[in-house]
Amino acid sequence: MRRALIAGNWKMNLDRAGAISLAKGVAEQAREVDHADLAVIPPSVYVDAVASVLQGSNVAWGVQNVYWKPNGAFTGEISVAMAKDLGCRYVVIGHSERRHILGESDEDVNNKVHAVIDGGLVPIICVGETLEEREKERTLVVVERQTLAALAGVSADKARGVVLAYEPVWAIGTGKNATPAQAEEVHVALRKVLAGRYNREIAEAIRIQYGGSVKPDNARELLSQPNIDGALVGGASLKVDQFLGIVAGLSR
Ligand code: 13P
């Protein structure tokens, strides 16, 4: 069975003291957790401080974005090597806020996926449809396109270690989660896309997280779906009790 990954995307929230204190709370309460992998994804400027707190705990950490070039004149960007230097394990790639607010294309996402994998880190590749696309019944077409574009040129061997996150745009930060059945339907479709692109064995190995208004009170049902292998949590990851409440909803 795929071991669940519960990751908290802190987005552009908190200050330094708040980030440290949240990391301390999560590390402390996560001590007894042995049935899931946990990670937090702070704003990159606080990763160093958070890493010092999480060192030796069972909570991993990551960054919310990277640029694909190794170094150079790319003002405002950070490289995979920099993320690695900070002990990151995960890099969120192609989050809907980056695609829709900051104009990231499928091609950018693909370049970043290659850079992250080649740098030895794990990309959490986000895909998801807008409300308009869902209403036009284009959900499966959109997530298939985004997934195949993200993995263009990625070998089967390298694909094995990636994480995919299905995050319907209309469910992010809205308090309106996809129902377990809606999410499972897309996860099954994504698993098929992966099996077609690679093979069944690799499709089964890749974790597919759900993200979009995951809270303690809906986590248990979402995470009990056979193809939902974890959660990418936004708002609820900013509160220790809520984040750990989601983890508690996982069956052991
Ligand atoms: P919310 O949990 O706040 O809806 O955010 C989800 C998300 O975008 C995680 O990456």
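These notes cover the structure that comes with them. This is a predicted model, so every value here is computed, not measured.

Counting 71 residues, the largest nonpolar core has I6, V40 and Y210 as its most contacted members. Leave out the neighbours within four places in its chain, and I6 touches D37, L38, A39, Q209, L223, G230, A231, V233, F243, I246, V247 and L250. Listed in part, the 13 residues of the second largest apolar core include I41, A60, C126 and V163.

For the coordinates displayed, the defined rule picks out 3 aromatic pairs. Aromatic pair Y166 and Y210: ring centres 6.2 Å apart, planes at 55°, arrangement tilted. A residue pair is termed long-range when its members are at least 10 positions apart, and Y166 in strand β6 (residues 163–166) and Y210 in strand β7 (residues 207–211) qualify at 44 residues. Each of the two residues, Y166 as well as Y210, counts as buried. Three or more aromatic residues joined by ring pairs form one cluster here, namely Y67, W68 and F74.

To continue, consider the packing of helix α5 (residues 106–118) against helix α7 (residues 139–150). Two elements in contact, α5 and α7, have axes whose closest approach is 8 Å; the angle formed by their N-to-C orientations is 40°. Considered as vectors, α5 and α7 are oriented oblique to each other. Residues D106, V109, N110 and V113 of α5 form the contact with α7, whose own contacting residues are R145, Q146, A149 and A150.

Another point: the site of the ligand. Within the structure, the ligand sits among 13 residues, and K11, H95, G173, S213 and G235 are positioned closest to it. One nitrogen or oxygen atom from the side chain of N9 is found 3.0 Å from an oxygen atom belonging to the ligand. Contact between the ligand and S213: an oxygen atom at 2.8 Å from a main-chain N or O atom of the residue. Considering the ligand on its own, with 310 Å² of exposed area, one finds that the protein chains cover 97% of that surface. Partitioning the shell around the ligand into residue classes produces 4 nonpolar, 7 polar and 2 charged.

Right, let's get into helix α1 (residues 16–29). Side chains three or four residues apart in an α-helix point the same way, a direct result of the helix having 3.6 residues per turn. Taking 1.5 Å per residue as the helical rise, α1 with its 14 residues ought to reach 20 Å, and the 20 Å between its terminal C-alpha atoms agrees with that figure. Where α1 is concerned, the buried positions are A19, L22, A23, G25, V26 and A27. Looking at the buried positions of α1, the neighbouring elements they touch are β2 (37–41), α2 (47–54), β3 (59–63) and α12 (240–248).

Moving on, we get to the side chain of K112. Of note, K112 is situated in helix α5. Apart from residues no more than four positions distant in its own chain, K112 is found in contact with N65, V66, W68, I93, R98 and E104.

This part takes up the side chain of E167. By the secondary structure assignment, E167 is in the loop between β6 and α9 (180–197). One buried charged side chain, E167, makes no salt bridge at all; its nearest oppositely charged neighbour is K11, positioned 6.0 Å away. When sequence neighbours within four positions are dropped, the list of residues in contact with E167 reads H95, C126, V127, G128, I172, G211, G212 and L232.

Side chains that differ in sign of charge can pair as their charged atoms come close. Evaluation of the coordinates by the stated rule reveals 16 salt bridges. When the shortest N-O distance is used, the salt bridge between R134 and E129 registers 2.7 Å. Since its relative accessible area comes to 19%, R134 is described here as buried. With a shortest N-O distance of 3.0 Å, R200 and E204 are connected by a salt bridge. Taken together, the residues span about one helical turn, with R200 and E204 both in helix α10 (residues 200–205) at a distance of 4 residues. The exposure class assigned to E204 is partly exposed, which follows from its relative accessible area of 33%. Overlapping salt bridges, with partners in common, bring together R2, R191, R200, E204 and D229 in one network.

About the thresholds
- Residues numbered from 1 in each chain as written.
- Predicted model: local features only at pLDDT ≥ 70, side-chain atom pairs only at ≥ 80, totals over all residues.
- Heavy atoms only, no water.
- Core = buried A, V, L, I, M, F, W, Y, C linked by side-chain atoms within 4.5 Å.
- Buried < 20%, exposed > 50% of the residue type's maximum accessible area, 1.4 Å probe, protein only.
- Contact = heavy atoms within 4.5 Å.
- Phe/Tyr/Trp six-rings, centres within 6.5 Å; stacked < 30°, edge-to-face > 60°.
- Helix = DSSP H or I, 4+ residues; strand = E, 2+ residues; numbered from the N terminus.
- Axes fitted to C-alpha atoms, helices over the stretch in contact; angles between N-to-C directions.
- Parallel < 35°, antiparallel > 145°, perpendicular 65-115°, else oblique.
- Near = heavy atom within 4 Å.
- Polar contact = N/O pair within 3.5 Å; in protein donor to acceptor, adjacent residues only side chain to side chain.
- Areas by Shrake-Rupley, 256 points an atom, 1.4 Å probe, with all protein chains shown as cover.
- Nonpolar A, V, L, I, M, F, W, Y, C, P; charged D, E, K, R; others polar.
- Expected span 1.5 Å × (residues − 1).
- Lys, Arg positive; Asp, Glu negative; His and termini not counted.
- Salt bridge = Lys/Arg side-chain N within 4 Å of Asp/Glu carboxyl O.

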